[in-house]
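An overview of the molecular structure
If you want the building blocks of each chain, they are given just below.
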Amino acid sequence: MKRLLPLLLILPLAGFRPAPLPPPMPQDGPVRVALVDRDRGTELRSYPADGQRWVAGERGHRYAVRLYNDSPRRVLVVLSVDGVNAISGEDADPSQTGYVLNPGQRADITGWRKTQDEVAQFVFSSPSGSYASRTGRPDNVGVVGVAVFEEARRWYPRPQPILRGRAGPAPASAEASAPADASASRIEGYSAKSQAPALGTGHGARESSSVRDTDFERATRSPVQVLQLRYDSARNLRARGILLDSPSRLDRQPQAFPNRYVPDPPAR
């Protein structure tokens, strides 16, 4: 019996459609990925080194994984944080459940999925304090990755019932468009020669984040795109020879509407 997986459609904010931001890095494929420091309100810049992209995080800060669907079709994004599926908590694999993004949608994934209405915040923590380490899986701490699937085109002569919240199997002919090297479809972790990371992703406070089940048929058995961002402390990145831009040197453009929500008043 084939296993059916629940998939989650990200709900946009009612009446709010933010303009797309500039791409964080050049990437080939339908999806772009960036990390956002939620406490600073900034999208973190990535730096190339050793054939990968690196981001400098700050311990104790909340962050989000920002996904851009640049394609005109829906896509399924399986999100791996420290080698763990951010929805199910399983050891991450592209065949698992993920988030469905509508054409042109931008979405911020802010934490580990707890229910359809709640997540536990992603927080930069010590490696030992990361969710992966605390659940006995420290080997891939320090990497965020996505596996992206395009949706199969389906043409029905008449309306057919849709089983909500389930994904149908990929067509057998899809193998022709899969990557030649099957190992490329897996999210890679740290190499054996990498120095010990200084950051991990903790299981933070609960917050509201609403999604709903949807149906999605993958066009291929293997992902059409696999991306990963490695993150670490600024100190470790400099030790690798990565020259980071000082925050004071980064260009900051004036903003007419700098605050998104009403802050609490000062304490009396």
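Scroll up to find the structure.
These notes cover the structure that comes with them. (Residues numbered from 1 in each chain as written. Predicted model: local features only at pLDDT ≥ 70, side-chain atom pairs only at ≥ 80, totals over all residues. Heavy atoms only, no water.)

Some details on the overall build of the chain
Regarding its fold elements, the chain presents two helices and 16 strands. Within the chain, the proportion of its 268 residues that are buried is 44%. Considering only contacts in the chain between residues 6 or more positions apart, those separated by 24 or more positions represent 82%. Here the chain has roughly 15,200 Å² of accessible surface; of this, 51% comes from carbon and sulfur atoms. (Helix = DSSP H or I, 4+ residues; strand = E, 2+ residues; numbered from the N terminus. Buried < 20%, exposed > 50% of the residue type's maximum accessible area, 1.4 Å probe, protein only. Contact = heavy atoms within 4.5 Å. Areas by Shrake-Rupley, 256 points an atom, 1.4 Å probe, with all protein chains shown as cover.)

Thoughts on the nonpolar core
Formed by 32 residues in total, the largest nonpolar core has its most connected members in Leu-35, Tyr-63 and Val-65. Per element, the largest residue contribution to this core is four residues, and it comes from strand β7 (residues 75-81). Beyond its immediate chain neighbours, meaning those up to four positions away, Val-65 contacts Val-33, Ala-34, Leu-35, Leu-79, Ala-107, Asp-108, Ile-109, Phe-122 and Val-144. (Core = buried A, V, L, I, M, F, W, Y, C linked by side-chain atoms within 4.5 Å.)

Observations regarding unusual backbone geometry
Of note in the backbone geometry, Asp-50 takes a positive phi value of approximately 55 degrees without being a glycine. Among the structural elements, Asp-50 can be located in the loop between β4 (46-49) and β5 (52-57). Accessibility expressed as a relative area gives 59% for Asp-50, which makes it exposed. Phi is positive for Asp-82, which is not a glycine, with a value near 55 degrees. Locating Asp-82 in the fold gives a position in the loop between β7 and β8 (84-85). What makes Asp-82 buried here is its relative accessible area of 1%.

Things to note about the pattern of salt bridges
Scanning all chains against the criterion turns up 10 salt bridges. Two residues, Arg-66 and Glu-43, come together in a salt bridge whose shortest N-O distance is 3.1 Å. Of the two residues, Arg-66 sits in strand β6 (residues 62-69) while Glu-43 sits in strand β3 (residues 42-43), which places them 23 residues apart along the sequence. Note on Arg-66: relative accessible area 9%, which makes it buried. Between Arg-137 and Asp-91 there is a salt bridge whose closest N-O contact spans 3.0 Å. Taken together, the residues Arg-137 in the loop between α1 (131-134) and β13 (143-150) and Asp-91 in the loop between β8 and β9 (99-101) connect sequence positions 46 residues apart. Residue Asp-91 is classed as partly exposed on the basis of its relative accessible area, which comes to 49%. It is possible to trace a salt-bridge network through shared partners that takes in Glu-43, Arg-66 and Asp-108. (Salt bridge = Lys/Arg side-chain N within 4 Å of Asp/Glu carboxyl O.)

Considering the pairing of β4
Relative to β5, β4 is paired through four bridges, and the arrangement is antiparallel. When the bridges of β5 are listed, Tyr-47 appears paired with Trp-54. If you look at the hairpin formed by β4 and β5, you'll find two residues sitting between the two strands, and Asp-50 has a positive phi there, around 55 degrees. (Pairing = 2+ DSSP bridges.)

Describing the packing of aromatic side chains
This structure, assessed with the given rule, holds six aromatic pairs. Judged by centre distance (4.3 Å) and plane angle (15 degrees), the rings of Tyr-63 and Phe-124 are stacked. Within this pair, whereas Tyr-63 is found in strand β6, its partner Phe-124 is found in strand β12 (residues 118-125), the two being separated by 61 residues in sequence. Classification of Tyr-63 by relative accessible area gives buried; the value is 0%. Owing to a relative accessible area of 1%, Phe-124 belongs among the buried residues under this scheme. Members of the aromatic cluster, joined through ring pairs, are Tyr-63, Trp-112, Phe-122, Phe-124, Tyr-131 and Tyr-231. Sitting above the plane of the Phe-149 ring, Arg-218 keeps its charged end 4.4 Å from the centroid. (Phe/Tyr/Trp six-rings, centres within 6.5 Å; stacked < 30°, edge-to-face > 60°. Lys NZ or Arg CZ within 6 Å of the ring centre and 35° of its normal.)

Some words on the environment of Pro-197
In this fold, Pro-197 is placed in the loop between β13 and β14 (200-208). For Pro-197, a relative accessible area of 25% gives the class partly exposed. In this structure the C-alpha to C-alpha distance between Pro-197 and Asp-232, which are 35 residues apart in sequence, comes to 6.1 Å.

Remarks on the environment of Arg-53
Counting through the fold element by element, Arg-53 comes out in strand β5. Judged by relative accessible area, Arg-53 falls into the partly exposed class, the value being 24%. For Arg-53 and Leu-229, which are 176 residues apart along the polypeptide, the C-alpha to C-alpha distance reads 5.4 Å. There is a polar contact of 3.1 Å between the side chain of Arg-53 and the side chain of Ser-46. (Polar contact = N/O pair within 3.5 Å; in protein donor to acceptor, adjacent residues only side chain to side chain.)

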